[in-house]
Amino acid sequence: MSDITAYAAPRSLDEAVSLLQAGDVTILAGGTDLTPQTKSGKLTFRPTLMNIRRVPELSGLTESGGVMRIGALTTISSLLASPLIHERFNGLWQACDHFASDQIRNAATIGGNICNASPAGDTLTPLLTLDARVVLASKPNGSIVRRTTPLGEFLTGPGRTARQPAELLEAIEIPMPPEGFFSAFFKFGTRPALDISVISIAIGAVRDGRKLTRVRIAFGAVAPTAIRAAATEAALEGRPIDAAAIDAAVAAAVNETKPVSDVRASSWYRRELVGNMLRRMLDHVANS
Amino acid sequence: MAKVSMTVNGKVVTADVDPRTLLVQFIRENLHLTGTHVGCDTSQCGACTVHVDGVAVKSCTTLAVTVDGANVTTIEGLAHGDHLHPMQEAFRENHGLQCGFCTPGMIMSAVDIVNRKGSNLDEATIRAELEGNICRCTGYHNIVKAIGDGAKAMAGHAQAAE
């Protein structure tokens, strides 16, 4: 274990990004990933430990101008408690409901789940189906600069993101979905709680009668990052949801996922699950 | 070193700690409150569950510095002197334990479940809500019974206090 020479608990975004600009910092929020990772040796503490929980700009859950803004520090429990998330982003709400256990949901933040960038991160697939963007703040030349990037581009590999060392994830932005939008989430693990997904699936689409448009399908734990499934989406886009469309989508999904074999499941098993569980979710859509 | 100050079981405590200090280490080693247990040390088992500002967290993945200024309740903070908390009493009455190692975490989670879900808990709800606590003896049957009874007793207690 390395030594932490300084501990900081900034009280403003400006203070936090100044500290990041100054150097080698480990960012601490909920700590639910950071602590096990530093204990296991997967991650070492940098000389400065910065606790961002007192930064007010990173909080809040607000809708304005057709955009939902979720502060990076929003806990999974707060998302679960939000009627707006439940009504408009039900797939994300379902992912939060399946997230670890209550004690961890009370501490873990959505910003942490994103920056940890696990291929199996529970909130990532529903966020991908919602066209979520991440807002990154930094202070390169004495004033705060922000950039916004789509989540799909932000996730670059297992545990890796496009976040620069001097950048802080400030918020997640989700464009409010149009009328008729629905979303759903499915996670497969060996027990319902505290399990890392063998696979996860999030779907989102606008429904007009039987026809689906703006179809978004995302898969977790089948690639180095959570991914959108372009061919699967194309098989459903603009068509009525019937047996032929579902067959085409399932075939596309199995064809376009190339999962690894690891301790949780073999590649073959994961692809079977992706196909079968996607079929179950789409059947449910077709029958409801 | 980092300075932390928090209220634990109603008492204000202040200390200089290594920033890496876990809340559970702080509670056990600095405050010598050893009722909070470390089971798996990877936030799976829930034996380390305490309440921070009224909600349950796992103290083995919480750094002490992050709860600076907070109100922490451990298993030692539930009883009033010799009077056990109704949930503790229910665990005793139902023999809601085998080896007892997971019990402090089970009781802290149980109280949290009642706080969130109310006192009228069916078995399915209790089992689902107890997802973050593992009993290695698999003694869930009596634990679930104890929580159901404890929840009712907590409601009776609250009424009596009004």
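Since the structure is predicted, the reported quantities are computational estimates derived from the model, not experimental observations.

A few words on the domain arrangement of chain A. Residues and elements named next belong to chain A. For chain A, the domain assignment lists domain 1 (6-51), domain 2 (56-175) and domain 3 (181-286). The partner domain 2 presents 22 residues to the 15 residues of domain 1 that form the contact. Summed over both sides, the interface between domain 1 and domain 2 buries roughly 1400 Å², with carbon and sulfur atoms accounting for 63% of that surface. Among the residues of domain 1 in contact with domain 2, Leu-13, Val-17 and Gln-21 are the three that bury the most area, contributing 38% of the side total. Seen at the junction of domain 1 and domain 2, the total is one salt bridge. Lys-139 serves as the salt-bridge partner of Asp-14, at 3.1 Å between the closest nitrogen and oxygen. At the surface where domain 1 touches domain 2, the tally comes to five residue pairs in polar contact (both at pLDDT 80 or more). Among the elements that take part in the side of domain 1 that touches domain 2, helix H1 (residues 13-22) stands out by supplying seven residues, more than any other. Residues belonging to the side of domain 1 that touches domain 2 are distributed by class as follows: six nonpolar, six polar and three charged.

A word on helix H3 (residues 103-117) of chain B. Given 3.6 residues to a turn, an α-helix orients residues that are three or four positions apart in the same direction. Residue and element names in this part refer to chain B. If you check H3, its first and last C-alpha atoms are 20 Å apart, about what 15 residues at 1.5 Å a residue would give, namely 21 Å. With twelve of 15 residues buried, H3 is to be regarded as a mostly interior element. Listed as buried for H3 are Thr-103, Pro-104, Gly-105, Met-106, Ile-107, Met-108, Ser-109, Ala-110, Val-111, Asp-112, Ile-113 and Val-114. Where H3 terminates, the next one or two residues include Gly-118, which has phi positive at roughly 85 degrees.

Contact residues are listed per partner, giving 28 residues for chain A and 27 residues for chain B. Overall, the association of chain A and chain B removes approximately 2200 Å² of surface from exposure, summing both partners, and the carbon and sulfur fraction of that is 53%. Run the count over chain A and chain B and you get three salt bridges. One salt bridge in this structure joins Glu131(B) and Arg105(A), with 3.0 Å as the shortest N-O distance. Our count for the contact surface shared by chain A and chain B stands at ten residue pairs in polar contact (both at pLDDT 80 or more). Listing elements by their share of the side of chain A that touches chain B, those giving two or more residues are helix H2 (34-40), strand S3 (48-51) and helix H6 (102-105) of chain A. Tallying contributions element by element places H6(A) first for the side of chain A that touches chain B, with four residues. Broken down by class, the residue content of the side of chain A that touches chain B amounts to twelve nonpolar, nine polar and seven charged.

Residue and element names in this part refer to chain A. Judged by pairing direction, the sheet is parallel, and its three strands sit side by side in the order S1-S3-S2 without closing on themselves. Edge positions in the open sheet fall to strand S1 (6-8) and strand S2 (25-28), since each of these has one partner strand only. Averaged over neighbouring strand pairs, the angle between their axes works out to 20 degrees when direction is ignored. Direction of pairing for S1 relative to S3: parallel, over a ladder of three bridges. Note on S3: the bridge partner recorded for Ala-6 is Thr-48.

All names here are of chain A. Running from N to C, helix H11 (residues 243-256) and helix H12 (residues 267-286) cross one another at 155 degrees; their axes reach a closest spacing of 9 Å. By the angle class used here, H11 and H12 are roughly antiparallel. Of the two elements, H11 crosses H12, and the hand of that crossing is right-handed. Contacts between H11 and H12 pair Ile-246, Asp-247, Ala-249, Val-250, Ala-253, Val-254 and Asn-255 from the former with Arg-271, Val-274, Gly-275, Leu-278, Arg-279, Leu-282, Asp-283 and Ala-286 from the latter. Within the contact of H11 with H12, the residues separate by chemical class into nine nonpolar, two polar and four charged.

Turning next to the nonpolar core. Residues and elements named next belong to chain A. The biggest cluster of nonpolar side chains holds 36 residues, and the ones touching the most others in it are Ile-70, Ile-114, Leu-127 and Ile-174. Elements supplying a minimum of two residues to this core: strand S5 (67-71), helix H3 (76-81), helix H5 (90-97), helix H7 (110-116), helix H8 (124-129), strand S6 (133-138), helix H9 (151-154) and strand S10 (168-175). Summarising the domain contributions, this core has at least three residues from each of domain 2 (56-175) and domain 3 (181-286). If sequence neighbours within four positions are ignored, Ile-174 has contacts with Gly-66, Val-67, Met-68, Ile-70, Phe-89, Leu-127, Leu-130 and Ala-132. Among the nonpolar cores identified, the runner-up in size contains 30 residues, and Ile-201, Leu-212, Val-274 and Met-277 belong to it.

Residues and elements named next belong to chain A. If you check H12, its first and last C-alpha atoms are 28 Å apart, about what 20 residues at 1.5 Å a residue would give, namely 28 Å. Within H12, the full set of buried residues consists of Ser-267, Arg-270, Leu-273, Val-274, Gly-275, Met-277, Leu-278, Met-281, Leu-282, Val-285 and Ala-286. Residues of H12 that are buried sit in contact with strand S11 (181-188), strand S12 (199-208), strand S13 (211-220), helix H10 (230-236) and H11.

What counts, and at which threshold
- Residues numbered from 1 in each chain as written.
- Chains lettered and ligands numbered in written order.
- Predicted model: local features only at pLDDT ≥ 70, side-chain atom pairs only at ≥ 80, totals over all residues.
- Heavy atoms only, no water.
- Domains from an automatic or database assignment.
- Contact = heavy atoms within 4.5 Å.
- Buried area = accessible area lost by both parts, 1.4 Å probe.
- Salt bridge = Lys/Arg side-chain N within 4 Å of Asp/Glu carboxyl O.
- Polar contact = N/O pair within 3.5 Å; in protein donor to acceptor, adjacent residues only side chain to side chain.
- Helix = DSSP H or I, 4+ residues; strand = E, 2+ residues; numbered from the N terminus.
- Nonpolar A, V, L, I, M, F, W, Y, C, P; charged D, E, K, R; others polar.
- Expected span 1.5 Å × (residues − 1).
- Buried < 20%, exposed > 50% of the residue type's maximum accessible area, 1.4 Å probe, protein only.
- Pairing = 2+ DSSP bridges.
- Axes fitted to C-alpha atoms, helices over the stretch in contact; angles between N-to-C directions.
- Parallel < 35°, antiparallel > 145°, perpendicular 65-115°, else oblique.
- Left-handed = near helix turned anticlockwise from the far one by under 90°.
- Core = buried A, V, L, I, M, F, W, Y, C linked by side-chain atoms within 4.5 Å.

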